[in-house]
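Breakdown of the fold
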Amino acid sequence: MIVAIDGPAASGKGTLARRLARHFGYAYLDTGSLYRAVGFAVMQNGGDPADPDTAEAAARALDPGILNDERLRTDAVAQAASKVAAIPAVRAALLEFQRAFAKRPPDGARGAVLDGRDIGTVVCADADRKMFVTASVDVRAKRRFKELREKGHEVIESAVLQDMKDRDARDAGRTVAPLAPAEDALVLDTSDLDAEQVFTLAVKYVTEGRLG
Ligand SMILES: Nc1ncnc2c1ncn2[C@@H]1O[C@H](COP(=O)(O)OP(=O)(O)O)[C@@H](O)[C@H]1O
Ligand SMILES: Nc1ccn([C@@H]2O[C@H](COP(=O)(O)OP(=O)(O)O)[C@@H](O)[C@H]2O)c(=O)n1
């Protein structure tokens, strides 16, 4: 069973994906952390995340050991991630890792949940279940602001909102694998739903293949 979850920043995809994976005993891959790790590596070397050769080299040299590093979770790294993510050679370099994870999940798990921007459209276009989790940009910026504040980051709400708008525009506007719901995805607008309500809907959908 492959479950694909896509959506814009701070829509709640990671929260949902992690919980679904735990519930069903599936493996979980946060594909955004791959792009964040590439953006972070370029920044560490003082490079330009928008430079194709620099970003591709960082993607090819990616060390999966860094994927859970807290330093990837900043807004600056998110911006760099969305710049490297618009480069086709970077996406190509990361594709095989994601597909292999979905096909042969680690630890013999019987399924995999992947979240990102292009899982249902490109990485796992034949996924058994596809969801597109979204919410208004104001709601998403509030969620991310609260999350970053709780982690002790010094952030300004208006800057988080502006960063999110910039990133949404870059992710939806790029030519390769733009952010968009797959034709056969279940769209869940979580603007007025808490994480528990979203999880309940998603469990029903994964189990039954539909909501009605
Ligand atoms: N339905 C929801 N309602 C309110 N807050 C939520 C909801 N889903 C997730 N959150 C919170 O919003 C923040 C962003 O969620 P996250 O799952 O990281 O989003 P994404 O993976 O889409 O960027 C987190 O602090 C999370 O706890
Ligand atoms: N499958 C994916 C996942 C992330 N990304 C890029 O990586 C950036 C960071 O993704 P993320 O999922 O960690 O971001 P959040 O939604 O957690 O804020 C996004 O803004 C996209 O540009 C992508 O292009 N394709």
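Reading the values: rules and limits
Residues numbered from 1 in each chain as written. Chains lettered and ligands numbered in written order. Predicted model: local features only at pLDDT ≥ 70, side-chain atom pairs only at ≥ 80, totals over all residues. Heavy atoms only, no water. Near = heavy atom within 4 Å. Polar contact = N/O pair within 3.5 Å; in protein donor to acceptor, adjacent residues only side chain to side chain. Areas by Shrake-Rupley, 256 points an atom, 1.4 Å probe, with all protein chains shown as cover. Helix = DSSP H or I, 4+ residues; strand = E, 2+ residues; numbered from the N terminus. 1 Å grid on protein atoms, 1.4 Å probe; cavity = no way out; pocket = protein on both sides within 12 Å on 5 of 7 lines; lining within 4 Å. Sits in = over half its atoms within 2 Å of the grid points. Nonpolar A, V, L, I, M, F, W, Y, C, P; charged D, E, K, R; others polar. Points joined across faces, edges and corners; volume = space filled by probe spheres on them.

**A look at the site of ligand 1**
Contacts to ligand 1 come from 14 residues, most closely from Ala10, Lys13, Gly14, Thr15 and Arg144. Residue Gly14 places a main-chain N or O atom 2.8 Å away from an oxygen atom belonging to ligand 1. With respect to ligand 1, the side chain of Arg144 contributes an N or O atom lying 2.9 Å from an oxygen atom. Surface burial for ligand 1 is 74%, taken as the share of its 560 Å² of free accessible area covered by protein chains. Elements represented by at least two residues in the shell around ligand 1 include exactly α1 (13-24), α7 (137-150) and α9 (195-208).

**Comments concerning the site of ligand 2**
The environment of ligand 2 is formed by 18 residues, the closest being Lys13, Arg36, Arg91, Arg144 and Asp171. Contacts to ligand 2 include Asp118, whose side-chain N or O atom sits 2.9 Å from a nitrogen atom. Contact with the protein chains covers 97% of the free accessible surface of ligand 2, which is 530 Å². Given that more than half its atoms are within 2 Å of the pocket grid, ligand 2 belongs to the largest pocket. With 3 residues, helix α2 (residues 32-44) is the single largest residue contributor to the shell around ligand 2. Its residues placed into classes, the shell around ligand 2 shows 5 nonpolar, 4 polar and 9 charged.

**Digging into the layout of surface pockets**
The space that makes up the largest pocket amounts to roughly 1,100 Å³. Around the largest pocket, the lining is made up of 50 residues, and of these Gly14, Asp30, Arg73, Asp115 and Arg144 lie nearest the centre. Residues that form the lining of the largest pocket fall into these classes: 18 nonpolar, 11 polar and 21 charged. Size it by volume and the second largest pocket reaches roughly 180 Å³. At 5 residues, helix α5 (residues 88-103) tops the list of elements feeding residues into the lining of the second largest pocket. Partitioning the lining of the second largest pocket into residue classes produces 6 nonpolar, no polar and 5 charged.

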